[in-house]
Protein chains: 2
Amino acid sequence: MPSEFDLIRRYFTRPARHTDLAVGDDAALFRVAPGMQLAVTTDTLTVGTHFFHDASPRDLGWKTLAVNLSDLAAMGASPRWATLALILPAADEGWIAAFSEGFFDCAGRYGVELVGGDTTRGPLAMTVTLFGEVPAGQAITRAGGQPGDDLWISGWPGLAALGLMHLQNRVQLADAGQALAALHRPVPRVEAGEALRGIARAMLDISDGLAGDLAHLCECSKLGAMLDAGALPLAPLIAAGADESLARHALLVGGDDYELLFSAPPEARDVLAALALKLDLPFTRIGQLTGEAGSILLADGQGASPRPLDARGYDHFAPHA
Amino acid sequence: MPSEFDLIRRYFTRPARHTDLAVGDDAALFRVAPGMQLAVTTDTLTVGTHFFHDASPRDLGWKTLAVNLSDLAAMGASPRWATLALILPAADEGWIAAFSEGFFDCAGRYGVELVGGDTTRGPLAMTVTLFGEVPAGQAITRAGGQPGDDLWISGWPGLAALGLMHLQNRVQLADAGQALAALHRPVPRVEAGEALRGIARAMLDISDGLAGDLAHLCECSKLGAMLDAGALPLAPLIAAGADESLARHALLVGGDDYELLFSAPPEARDVLAALALKLDLPFTRIGQLTGEAGSILLADGQGASPRPLDARGYDHFAPHA
């Protein structure tokens, strides 16, 4: 059986151009460009909680980096370097080869260099720590929202949740392709995040579900929100085969989406429309931030009183559907 | 049951003075000082492989950071920031509270700020990614050794291995206290690593066992080594209750030690003696680097021919004693 050292060398050593010293010593060495802040995030995927035992290693390699890229995108940071800590039940070379292919597909696509890692034995889990750069003072936090800001989401939130329900036989989708792709190979909104510097005032990614993550944004910005049910982008979910109720549920509390939720002043609408065209990525205006801290309401657009939105997002320690 | 978010907030949020934005947003933000390279390392501890199911959470909290500090020390870097990815079987508040105490004991001792993390459900494992600073160009890699350099080790390698054997009832130590402390609460040689900048030419930590890690140093420096069996610091191991054969085995292939192995020119002997006094940490000269790449020999000091040293260090995927 090849040793840990052999496997690491064979599958995880790639030329690193922006790193002074990468995999192979006690620590990696690199330089942050002058005037830049370092943005750092870490996320773990574990078998049974985040993916099934028979998940494709290639998809997992992609996703374990993509979910971290999504966090950096949500700060408006540009990804640069990553470390990878793999817990593997055995030194299965085929699995490792496929996983590294998916990982480096994603790393190459977004200009990330793998600078270090660790491989240990145990039930399958992978932790990526990802480092990006952002011009000092320009990161987009969760705390910068202003009352009256528009609320926007990128892309097609809810698709990944539909994909999961389809896999679990809890729903039969007429066309599961897009939903499964969103689940297995999420596309982190890196270019959008970078482009939103100077435009978005508060931002996060909605990996835990729109309702829960909107609550986080409101809490950090000390504001409330009013969502317009009629503005929610349900069309792609309905096209996949969900009815309207399921589509709304998937979008609001589904999770695992890796889209961006951000606030921006109403004056930015034209700029955002142009940016969406340029990025070929829809931005949908779904409501506003309000001055009523903690009040998150959903207006049905039919004249009924707005009702409080159940803000229970995905929580790894709470039972969830 | 408290949620993931509650637990993270309660036990892992501490004031961060050298961080622009710490735990609580999508990513942490911090600045690397001008003229500094960032040094980054990551290490995972998993239940069953690195510790027993009933291990003290307080000790684990200390050790999970300490083993990473040891890697930065081995570069001569100064530790600054860390992220912590915890995989927990359940949201056991008592366990988390004790773990965080041990973690922050160690973080406080070495000036490390926790800037981010992730908590997921699964079989117990913890991954720390640790960031340090080192003046650009001054890091001590594994590759800088020169033929004729003295080889030195810090402290008391082998004690942790004896402690593990004692716990496994494979040996009965007369005095297991120091050995168990070395196993459970290893002291990373951070100050020594920093002080060795400009003195040591090649360095690593011997977490995988002296023999195996010496082989790594020789491979990276493209050199060989001649160890002097009579110079190995066996006394503390014999004092703990090991016979000479066991002491030598524990020291050479034991692992889990977190001492520094480094090379330095013979002219540095006086400086190193003074430094050891100042740090109150023994440096033991155990041999020399040689120009014969790949040849790692052990001389017994009794006139017999030097014999090749079995370089099998600890390998997580190889069977080991």
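Each remark here, short or long, concerns the structure printed above.
Below, the structure is looked at part by part.

So, how was this worked out
- Residues numbered from 1 in each chain as written.
- Chains lettered and ligands numbered in written order.
- Predicted model: local features only at pLDDT ≥ 70, side-chain atom pairs only at ≥ 80, totals over all residues.
- Heavy atoms only, no water.
- Helix = DSSP H or I, 4+ residues; strand = E, 2+ residues; numbered from the N terminus.
- Least-squares fit on C-alpha atoms with pLDDT ≥ 70 in both.
- Contact = heavy atoms within 4.5 Å.
- Buried area = accessible area lost by both parts, 1.4 Å probe.
- Salt bridge = Lys/Arg side-chain N within 4 Å of Asp/Glu carboxyl O.
- Polar contact = N/O pair within 3.5 Å; in protein donor to acceptor, adjacent residues only side chain to side chain.
- Nonpolar A, V, L, I, M, F, W, Y, C, P; charged D, E, K, R; others polar.
- Pairing = 2+ DSSP bridges.
- Expected span 1.5 Å × (residues − 1).
- Buried < 20%, exposed > 50% of the residue type's maximum accessible area, 1.4 Å probe, protein only.
- Arc of directions from axis to C-beta.

1. Concerning unusual backbone geometry
All names here are of chain B.
Piece 1. You will see that Lys222, though not glycine, has its phi angle at about 55°, which is positive.
Piece 2. Structurally, the position occupied by Lys222 is in the loop between α7 (210-221) and β8 (224-228).
Piece 3. Backbone geometry places Asp280, a non-glycine residue, at a positive phi of 55°.
Piece 4. On the secondary structure map, Asp280 appears in the loop between α10 (269-279) and β10 (283-290).

2. With respect to the relation of the copies chain B and chain A
Piece 1. Expressed as a screw operation, the relation of chain B to chain A combines 0.0 Å of axial shift with a rotation of 180°, fitting to an RMSD of 0.0 Å. A rotation of that kind, with that shift, is consistent with a two-fold axis.
Piece 2. Mapped onto chain A, 100% of the interface residues of chain B are again interface residues, and the two copies thus contact each other with one and the same surface.

3. Some thoughts on the interface of chain B and chain A
Piece 1. The interface is formed by 65 residues belonging to chain B together with 65 residues belonging to chain A.
Piece 2. Of the roughly 5,200 Å² buried at the junction of chain B and chain A (both faces included), carbon and sulfur atoms supply 58%.
Piece 3. Across the pair Arg142 of chain B and Asp26 of chain A runs a salt bridge whose closest N-O atoms are separated by 3.2 Å.
Piece 4. At the boundary of chain B and chain A, one finds 13 residue pairs in polar contact (both at pLDDT 80 or more).
Piece 5. Here the side of chain B that touches chain A is composed, by residue class, of 31 nonpolar, 19 polar and 15 charged.
Piece 6. Summarising the sheet, strand β2 (residues 36-46) of chain A and strand β1 (residues 28-30) of chain B pair through 3 bridges and their orientation is antiparallel. Within β1 of chain B, the residue paired with Val40 of chain A across the bridge is Ala28 of chain B.

4. What about helix α3 (residues 93-110) of chain B?
Residue and element names in this part refer to chain B.
Piece 1. Its 18 residues place the ends of α3 26 Å apart at the C-alpha level, agreeing with the 26 Å of an ideal helix rising 1.5 Å per residue.
Piece 2. Turning to α3, its buried residues number three or more, namely Trp95, Ile96, Ala98, Phe99, Ser100, Gly102, Phe103, Phe104, Cys106, Ala107 and Tyr110.
Piece 3. One side-chain oxygen at the N-terminal end of α3 lies 3.1 Å from the backbone nitrogen of Gly94; it belongs to Asp92.
Piece 4. One or two steps after α3, the chain reaches Gly111, where phi turns positive at roughly 70°.

5. Points about the side chain of Thr42 of chain B
Piece 1. Position of Thr42 of chain B among the secondary structure elements: in strand β2 (residues 36-46).
Piece 2. The class of Thr42 of chain B is buried, set by a relative accessible area of 5%.
Piece 3. In this structure the side chain of Thr42 of chain B is engaged in a polar contact, spanning 3.1 Å, whose partner is the backbone oxygen of Val128 of chain B.
Piece 4. A distance of 3.0 Å separates a polar atom in the side chain of Thr42 of chain B from a polar atom in the side chain of Thr129 of chain B.
Piece 5. Ignoring anything within four residues of it in the chain, the contact list for Thr42 of chain B reads Thr83, Ala85, Gly116, Gly117 and Asp118 of chain A together with Asn68, Thr127, Val128 and Thr129 of chain B.

6. A short note on α10 of chain B
Residue and element names in this part refer to chain B.
Piece 1. Within α10, the full set of buried residues consists of Leu272, Leu275 and Ala276. Across the axial projection of α10, the buried residues extend over an arc of 100°, all falling on one side. Structural note: α10 exposes Asp270, Leu277 and Lys278 on the side pointing more than 90 degrees away from its buried face.
Piece 2. Of the surrounding elements, those touching the buried residues of α10 are β6 (150-154), α6 (190-195), β9 (260-264) and β10.
Piece 3. Looking one or two residues beyond α10, the residue adopting positive phi is Asp280, at roughly 55°.

7. With respect to the sheet that holds strand β7 (residues 202-205) of chain B
Residue and element names in this part refer to chain B.
Piece 1. Strand order across the open sheet formed by 7 strands is β7-β9-β6-β10-β8-β11-β12, with mixed pairing between neighbours. One side of each edge strand has no neighbouring strand; the edge strands of this open sheet are β7 and β12 (307-308).
Piece 2. Direction of pairing for strand β11 (residues 296-299) relative to β12: antiparallel, over a ladder of 2 bridges. Directly across from Leu297, in β12, lies its bridge partner Pro308.

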